[in-house]
Amino acid sequence: MLRINNLVKSFDGERRRRRNSPSAPQEARVFAVNDVSFNVENGQLFTLLGPSGCGKTTTLRSIAGLERPDSGTIEVGGRVLFSTKEGKKPLNVPANERGLGMVFQSYAIWPHMSVFDNVAFPLQVKKRGDRLGRKEISERVMRVLETMELANLADRQATKLSGGQQQRLALARALVIEPPLLLLDEPLSNLDAKLRESLRYELKRVQRELGITSVYVTHDQVEALALSNSIAVMRNGNVVQLGRPREIYENPNCRFVAEFIGTSNFLSGNVVSKDGDRYTVNTVDGQIVLDSAANLPMGTDVIVSVRPEAVEVSTTSRQGEVPNEWKGTVLTRAYLGDSLDHVVGVGKHELRTRGNPTTSIEPGTEVYLRMDPAKLVLVPVD
């Protein structure tokens, strides 16, 4: 459905002077998107995830036609929207001719119009040859409003809707043109936490019911994990890992991804032995054994990523029965409602654990930590 190949977009940076010619300032280029490629299959919800300034919104705006890339190819449903292929005339289809739906962070609804008129507007301003009749426009608008559970508010002024209703209105307006591709730029970021969670599942329901191919931009890793079929984690204009949500979370390919997606403890060490997929890693506070499909030679410096939920904390020892048991002292604890975190000091490390809220251990208590080899991740040093 969507094909992005070698996309590059740069902006003017700070002016700097060349060493050999102080009088001639040189314009530095800042690469917001640096040779990015990915495919989105038909019906998928694909998420561009990363911190502010990583290039995710610039990528989305390039697909929409709101930014002109320096080079690369953008293709939707077999139709080329942008191309700078060598030997061919550059192609850049204007944004209003791409026929894509877009939902902005700010909603961008028209306050002087009713709910119905907001949704109908994109159909009413189509070119004369493509314009629909009044009856067909009305039927299509009401069908979309019913999908978004706004049909009973069709005559209400847009400004009299709640934040969640306004977000659903913005989505309805994007869907009414029946676009081949829906682009969503952090559409839930202006909502409070509880409303964001409910609309997250509403958005997922609508996207899957309609089967509409979507590209979603967010910096919220929980949102990305909950919504996506596939995730591209971006950093400094590059895609650093691409995969399904579970794969990204359970098998990060670098420390940045492990840190950005969820919470992790990091233990530095080096590989001392390998037996099949079973590695033994030396750290300053003891050895760790873990299972990994990575192919790393002995002596390689590595980082072991340990998710808090992969650590069992207990006041009794099972040494000799299970691998990876470390002795430590509870430093602090935090009740999170559906779980409880303990921070345990082990030598030079402080390890965060997460478990059932019924197990609460007083700070200062001596405890034993057990780490399941199958749940630990071996990450090469960046």
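The shown structure was predicted, so the numbers you read here are calculated from the model rather than taken from an experiment.

Asker: Can you help me understand the sheet that holds strand β14 (residues 286-291) in this one?
Answerer: One key point about sheets: their strands pair by backbone hydrogen bonds, in either a parallel or an antiparallel sense. With antiparallel pairing, five strands are arranged side by side in an open sheet as β14-β13-β12-β15-β21. For this open sheet the edge positions go to β14 and β21 (377-380), each flanked by a neighbour on one side alone. Averaged over all adjacent pairs, the angle separating strand axes in this sheet is 45°, with direction ignored. In the sheet, strand β12 (residues 265-275) pairs with strand β15 (residues 301-306) via six bridges, with the strands oriented antiparallel. Bridging from a neighbouring strand, N270 pairs with D301 of β15.

Asker: Got a minute to help me understand unusual backbone geometry in this structure?
Answerer: Most peptide bonds take the trans configuration, and most residues that are not glycine carry a negative phi. If you check the backbone angles, D35 has positive phi at about 60° while not being a glycine. Classification of D35 by relative accessible area gives partly exposed; the value is 45%. Not every positive phi belongs to a glycine, and E178 is a case in point at roughly 55°. When you line up the elements, E178 lands in the loop between α4 (163-175) and β8 (182-185).

Asker: So what exactly am I meant to see when it comes to the pattern of salt bridges here?
Answerer: If charged atoms from side chains of opposite charge come close, those side chains can pair. Tallying each qualifying case throughout the model produces 19 salt bridges. The shortest N-O distance in the salt bridge between R143 and E178 comes to 3.8 Å. Of the two residues, R143 sits in helix α3 (residues 134-147) while E178 sits in the loop between α4 and β8, which places them 35 residues apart along the sequence. Across the pair E209 and R205 runs a salt bridge whose closest N-O atoms are separated by 3.0 Å.

Asker: Before we go on, may I ask you to explain the packing of helix α2 (residues 115-124) against α4 in this structure?
Answerer: Relative placement of two packed helices is described by the angle separating their axes and the distance separating the axes. Orientation of α2 relative to α4, taken along the N-to-C sense of each, is 30°, at an axis distance of 7 Å. By the angle between their axes, α2 is roughly parallel relative to α4. The two elements α2 and α4 meet at a crossing, and its hand is right-handed. Taken together, the residues of α4 that come into contact with α2 (itself represented by V115, N118, V119 and P122) are L169, A172 and R173.

Asker: So what exactly am I meant to see when it comes to the nonpolar core here?
Answerer: Among soluble globular proteins, nonpolar side chains are generally buried collectively. Ranked by size, the top nonpolar core spans 37 residues in total, and within it V141, L145, M148, L169, L171, L175 and L182 carry the most contacts. For this core, the secondary-structure elements that each account for two or more residues are α2, α3, α4, β8 and α5 (193-210). With residues near it in sequence (within four places) discarded, L175 still touches V144, M148, L182, V206, L210 and I212. Core analysis: the next-biggest nonpolar cluster, separate from the first, contains 27 residues, M1, F38, L100 and L181 among them.

Asker: Would you explain the environment of G262 in this entry?
Answerer: Position of G262 relative to the elements: it lies in the loop between α8 (255-260) and β12. Placed 73 residues apart in sequence, G262 and Y335 show a C-alpha to C-alpha distance of 18 Å.

Asker: When you look at the sheet that holds strand β7 (residues 101-103) in this model, what are you seeing that I'm missing?
Answerer: Here six strands make up an open sheet; going across it, the order is β7-β8-β9-β3-β10-β11 and the pairing mixed. Either end of the sheet is taken by a strand with one partner, and the two such strands are β7 and β11 (238-243). Each neighbouring strand pair of the sheet contributes to a mean axis angle of 15°, computed without reference to strand direction. Against the sheet, helix α1 (residues 56-64) contacts β3 (45-49), β7, β8, β9 (214-218) and β10 (230-235), and its axis sits at roughly 150° relative to β8. Against the sheet, α4 contacts β7 and β8, and its axis sits at roughly 170° relative to β7.

Asker: Would you mind showing me how to read the packing of aromatic side chains here?
Answerer: Describing an aromatic ring pair means giving the distance of the ring centres and the angle of the ring planes. What the rule picks out here adds up to three aromatic pairs. With a centroid separation of 4.7 Å and an interplanar angle of 15°, the aromatic rings of F38 and F46 are classed as stacked. Each of the two residues, F38 as well as F46, counts as buried. Ring centres of W110 and F121 lie 4.7 Å apart, and the angle between their planes is 55°; on these two criteria the pair is classed as tilted. Within this pair, whereas W110 is found in the loop between β7 and α2, its partner F121 is found in helix α2, the two being separated by eleven residues in sequence. Given a relative accessible area of 28%, W110 falls into the partly exposed group. For F121, a relative accessible area of 27% puts it in the partly exposed group.

About the cut-offs
- Residues numbered from 1 in each chain as written.
- Predicted model: local features only at pLDDT ≥ 70, side-chain atom pairs only at ≥ 80, totals over all residues.
- Heavy atoms only, no water.
- Pairing = 2+ DSSP bridges.
- Helix = DSSP H or I, 4+ residues; strand = E, 2+ residues; numbered from the N terminus.
- Axes fitted to C-alpha atoms, helices over the stretch in contact; angles between N-to-C directions.
- Buried < 20%, exposed > 50% of the residue type's maximum accessible area, 1.4 Å probe, protein only.
- Salt bridge = Lys/Arg side-chain N within 4 Å of Asp/Glu carboxyl O.
- Parallel < 35°, antiparallel > 145°, perpendicular 65-115°, else oblique.
- Left-handed = near helix turned anticlockwise from the far one by under 90°.
- Contact = heavy atoms within 4.5 Å.
- Core = buried A, V, L, I, M, F, W, Y, C linked by side-chain atoms within 4.5 Å.
- Phe/Tyr/Trp six-rings, centres within 6.5 Å; stacked < 30°, edge-to-face > 60°.

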